[in-house]
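# Architecture at a glance
Spelled out, the chains give:
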Amino acid sequence: MEFLPLFHNLRGARVLVVGGGEIALRKSRLLADAGAVLRVVAPAIGTELRELINSSGGEQILRGYSEVDLDDCVLIIAATDDESLNAQVSADARRRGVPVNVVDAPALCSVIFPAIVDRSPLVIAVSSGGDAPVLARLIRAKLETWIPPTYGHLAGLAARFRHQVKNLFPNVRQRRAFWEDVFQGPIADRQLAGQGGEAERLLRAKIEGDAPSDAGEVYLVGAGPGDPDLLTFKALRLMQQADVVLYDRLVAPAILELCRRDADRIYVGKQRADHALPQEQINQQLVTLAKEGKRVVRLKGGDPFIFGRGGEEIEELAAHGIPFQVVPGITAASGCAAYAGIPLTHRDHAQSVRFVTGHLKNGTTDLPWQDLVSPAQTLVFYMGLIGLPIICSELIRHGRSADTPAALIQQGTTMNQRVFTGTLANLPQLVAEHEVHAPTLVIVGEVVRLRDKLAWFEGAQASV
Ligand code: SAH
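Because the structure is predicted, anything quoted here is derived from the model rather than measured.

With that settled, consider the domain arrangement of the protein chain. Here the protein chain is described as being made up of domain 1 (14-113), domain 2 (150-208), domain 3 (217-327) and domain 4 (337-454). In this structure, domain 1 and domain 4 have C-alpha centres spaced 65 Å apart.

What follows is the structure in structure tokens.
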């Protein structure tokens, strides 16, 4: 991190602005908004800036800059178009250890202005560390449209009841749960809809009667196949509320990053043969943590209910009366197919698609091969890499053509995605040739041919 974002309390503090033009005016406005006492020095100061200085109780010094101007100032802004003067101001300020910002010259700055979304008291600052201010501004514009202006009122509502709630719940965890409830429930809905009075009434009622319970909860969250962009809003929201996160090997580090920073992270990874933690222990751990009153996110690759053993976990939770929610995720089949340009069904080529586990028990197969050989059916094998030679030969033996197109998608949807296409006859050979490893998804069916036809479609190939 090049710059640490901090929010500066400037109320009543003196800030020096060197320069009297447009840019000085823009910065001065921000500073005055933050309650700073302006000292503006320049041989000439524009009318608007002069009015601002007067109305905010600042001082103007109509001459060239001199080092004494720095006296008593807690922040220095150099906003002139004279580069050597700007450098001089920066050097003087640094020598005195006072934070300095030189407009449009990141190298001369000890502090920089972020792009700001102001929903006071809620303020969002976006910075590219001076490298790409336009990008920061574009992000700000997105946030502006995404965060309703009334959000500030929501923060204002919280501010009015902060102390009361703090006294009511000395325990931080309870307090956080209380506010999360407020900000995501009917109270926030009312406030954002402009019904402040009603929001306040509901909040009072909540404070008086409805103490948050101590019981924990478990969220079984599908994290999708790898690309963090494929998370659902709900998944992200719950990940950011979690006290503890249990995750396994399939969950990409970039996704784990999005969990609440101070949440405990517990790896319960599953290797194919060597399960890091037996499933029963994971189930038990979920119950124990929830009973301690924690909000537990069980983060799973793809969708929790597709070869994810989510069913077993919630059975255990239900047996212990622990509340839970299940959040669907994009399963590997959907993610990989989309990012590899292979539609899973197609009017002309495949009227159905079947998700099959390729995990063979004791090296043998008990799959219903007869049902898998229809040419109009796409097959998607999860965990099919080890058993691939058997899968391919059994499909051929039971009547699926050896020429049936097939694809291997390794680490689908991630930056490391690799796709290899061939036929049932040569797929195992491709694995050896290209050293394909887990996690890899196998897609079998005529639809694989469409990948070549769709190759022009850039988006579908973005990370291949
Ligand atoms: N619940 C998960 C599947 C878990 S089984 C889901 O819905 O996707 C694990 C298997 O999923 C892996 O062996 C592999 O076959 C497949 N898989 C998961 N993520 C994958 C990815 N990003 N790329 C390719 N295959 C993946």
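More follows now that the structure is in view.
So, on to the packing of aromatic side chains. A complete count under the given rule lists six aromatic pairs for this structure. For the ring pair Trp179 and Phe183, a centre distance of 5.7 Å and an interplane angle of 20° mean the geometry is stacked. On the criterion of helical spacing, the pair formed by Trp179 and Phe183 is a turn pair, its members being four residues apart in helix α6 (residues 172-184). Note on Trp179: relative accessible area 14%, which makes it buried. Their ring planes at 55° and their centres at 5.8 Å tell us that Phe355 and Tyr382 sit as a pair that is tilted. Of this pair, Phe355 sits in strand β13 (residues 352-357) while Tyr382 sits in strand β14 (residues 377-382), placing them 27 residues apart in sequence. Given the relative accessible area of 31%, Phe355 is considered partly exposed. What makes Tyr382 buried here is its relative accessible area of 8%. Stacked on the ring of Phe113, the Lys or Arg Lys27 has its end atom at 4.2 Å from the ring centre.

With that out of the way, let us pick up the sheet that holds strand β9 (residues 244-247). The strand order across the open sheet formed by five strands is β10-β9-β11-β8-β12, and the pairing between neighbours is parallel. Both edges of this open sheet fall to β10 (264-267) and β12 (324-327), since each of them pairs with a single strand only. Each adjacent strand pair in this sheet contributes to an overall mean axis angle of 15°, direction not counted. Note that β9 and strand β11 (residues 295-300) share four bridges and pair parallel. Bridging from a neighbouring strand, Val244 pairs with Val296 of β11.

Below, the discussion takes up the nonpolar core. Counting 21 residues, the largest nonpolar core has Phe381, Leu395, Leu408 and Leu427 as its most contacted members. Those elements that provide at least two residues to this core are β14, α14 (388-397), β15 (405-410), α15 (427-433) and β17 (440-444). Examining the composition of this core, we find that four residues originate from one element, α14, more than from any other. With residues near it in sequence (within four places) discarded, Phe381 still touches Val356, Gly358, Leu367, Ile391, Leu395, Thr440, Leu441, Val442 and Val444.

As a structural note, the neighbourhood of the ligand is formed by 18 residues, with Pro225, Ile306, Thr331, Gly412 and Thr440 the closest of them. Asp303 places a polar main-chain atom, nitrogen or oxygen, 2.8 Å from an oxygen atom of the ligand. The separation between an oxygen atom of the ligand and a polar main-chain atom of Ala332 is 2.8 Å. Protein coverage of the free-state accessible area of the ligand, which is 540 Å², stands at 92%. Elements with a minimum of two residues in the shell around the ligand: α13 (332-340) and β17. Residues that form the shell around the ligand fall into these classes: eleven nonpolar, six polar and one charged. Mapping the shell around the ligand onto the domain boundaries places at least three of its residues in each of domain 3 (217-327) and domain 4 (337-454).

Definitions and limits used
Residues numbered from 1 in each chain as written. Predicted model: local features only at pLDDT ≥ 70, side-chain atom pairs only at ≥ 80, totals over all residues. Heavy atoms only, no water. Domains from an automatic or database assignment. Phe/Tyr/Trp six-rings, centres within 6.5 Å; stacked < 30°, edge-to-face > 60°. Helix = DSSP H or I, 4+ residues; strand = E, 2+ residues; numbered from the N terminus. Buried < 20%, exposed > 50% of the residue type's maximum accessible area, 1.4 Å probe, protein only. Lys NZ or Arg CZ within 6 Å of the ring centre and 35° of its normal. Pairing = 2+ DSSP bridges. Axes fitted to C-alpha atoms, helices over the stretch in contact; angles between N-to-C directions. Core = buried A, V, L, I, M, F, W, Y, C linked by side-chain atoms within 4.5 Å. Contact = heavy atoms within 4.5 Å. Near = heavy atom within 4 Å. Polar contact = N/O pair within 3.5 Å; in protein donor to acceptor, adjacent residues only side chain to side chain. Areas by Shrake-Rupley, 256 points an atom, 1.4 Å probe, with all protein chains shown as cover. Nonpolar A, V, L, I, M, F, W, Y, C, P; charged D, E, K, R; others polar.

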